[in-house]
Amino acid sequence: GENVEQHPSTLSVQEGDSAVIKCTYSDSASNYFPWYKQELGKGPQLIIDIRSNVGEKKDQRIAVTLNKTAKHFSLHITETQPEDSAVYFCAASGSGGSNYKLTFGKGTLLTVNP
Amino acid sequence: SAVISQKPSRDICQRGTSLTIQCQVDSQVTMMFWYRQQPGQSLTLIATANQGSEATYESGFVIDKFPISRPNLTFSTLTVSNMSPEDSSIYLCSVATGASNQPQHFGDGTRLSIL
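What this report covers is the structure whose coordinates are included nearby. Note that this is a predicted model, so its numbers are computed, not measured. Counting restarts for each chain: residues are numbered from 1 in the order of the written sequence. Lettering for chains starts from A, numbering for ligands starts from 1, and both go in the order in which the items are written. Local features are withheld for residues below a pLDDT of 70 in this predicted model, meaning they are given only at 70 or higher, and side-chain atom pairs are given and counted only at 80 or more; totals for whole chains, interfaces and linings count all residues. Values shown for side chains rest on all heavy atoms present in the structure; no hydrogens or waters enter the calculation.

1. Thoughts on the packing of aromatic side chains
Only Phe, Tyr and Trp rings take part, Trp by its six-membered ring, and two of them pair if their centres are within 6.5 Å. Stacked means planes under 30 degrees apart, edge-to-face means over 60, and tilted covers everything else. Summed over all chains, the structure comprises 12 aromatic pairs over all chains. Judged by centre distance (4.7 Å) and plane angle (40 degrees), the ring pair of A:Tyr25 and A:Phe33 falls under tilted. Exposure class is identical for A:Tyr25 and A:Phe33. Each is buried. With a centroid separation of 5.8 Å and an interplanar angle of 90 degrees, the aromatic rings of A:Phe104 and B:Tyr35 are classed as edge-to-face. With A:Phe104 in strand 10 (residues 103-104) and B:Tyr35 in strand 4 (residues 31-37), this residue pair bridges two chains. For the pair A:Phe104 and B:Tyr35, a shared accessibility class is recorded, and that class is buried. Put simply, the rings of A:Tyr36, A:Phe89, A:Phe104, B:Tyr35 and B:Phe106 touch in pairs and so form one group of aromatic residues. Each residue's exposure class comes from its accessible area (1.4 Å probe, protein chains only) as a fraction of the maximum for that residue type: buried when under 20%, exposed when over 50%, partly exposed otherwise. By definition, any uninterrupted DSSP run of H or I lasting at least four residues is a helix, any uninterrupted run of E lasting at least two residues is a strand, and each is numbered from the N terminus.

Below you can see the structure in the form of structure tokens.
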């Protein structure tokens, strides 16, 4: 089955700096890659996603890039703010004909220091 | 996106008992899923709740332990049966409006502790 690796597990940045979280996936058949933000006591919130026919997608301060050849995708957050502090999860789906099953990375705890 | 409500939000249960978790969506959705998130860990899919038929379980999860119902397009339940401390986790419901790589949206989860 699909395997998603996520790095780093923790990331601490100063307010205003950029943050980058990277994920790799194992199954070249995967074709949908969402990113979720989970705050303490809440469920994961979808913040951005990308499909395999697109190399990059941007939404205000958040962008995601996808390299299908290398089987990796990254989340970029610019001008970080303290409210960006949370656990971020990447995921992949489309592997093995299961076009809905999400396989998640282990998460990155992002801390933005004021 | 759909508003997803889970009940209860948290509970503390005795080992050997069972608890049913409810997931209500404010609009009709095609797909409903149940995930487990163990403390400080990532999310693992338990099963897909299929309307009008048995749920589809992932490897390592069985119907006797996690019976699921989905009577209509807006509601599903997950029961955690014969609980042990190892079942202490967050249980999350998610929904998607379509079957093919549509975004999944999550409820806030049920935080379950087993004594």
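From this point, things continue past the structure.
2. Focus on the sheet that holds strand 1 (residues 4-7) of chain A
All names here are of chain A. For two strands to be treated as a pair, DSSP must find at least two bridges joining them. The five strands are arranged 1-3-8-7-6 in an open sheet whose pairing can be described as antiparallel. In the strand order of this sheet, the two ends are held by strand 1 and strand 6 (56-59), each with one partner. For this sheet the average axis-to-axis angle between neighbouring strands, irrespective of direction, equals 15 degrees. Bridging between strand 6 and strand 7 (residues 62-67) involves four bridges; their strand directions are antiparallel. Paired with Lys 58 across the strands is Ala 63, a residue of strand 7. Orientation is described by lines fitted to C-alpha atoms, with helices fitted over the stretch in contact, and by angles between N-to-C directions that extend from 0 to 180 degrees.

What is shown is where atoms sit, not what they do.
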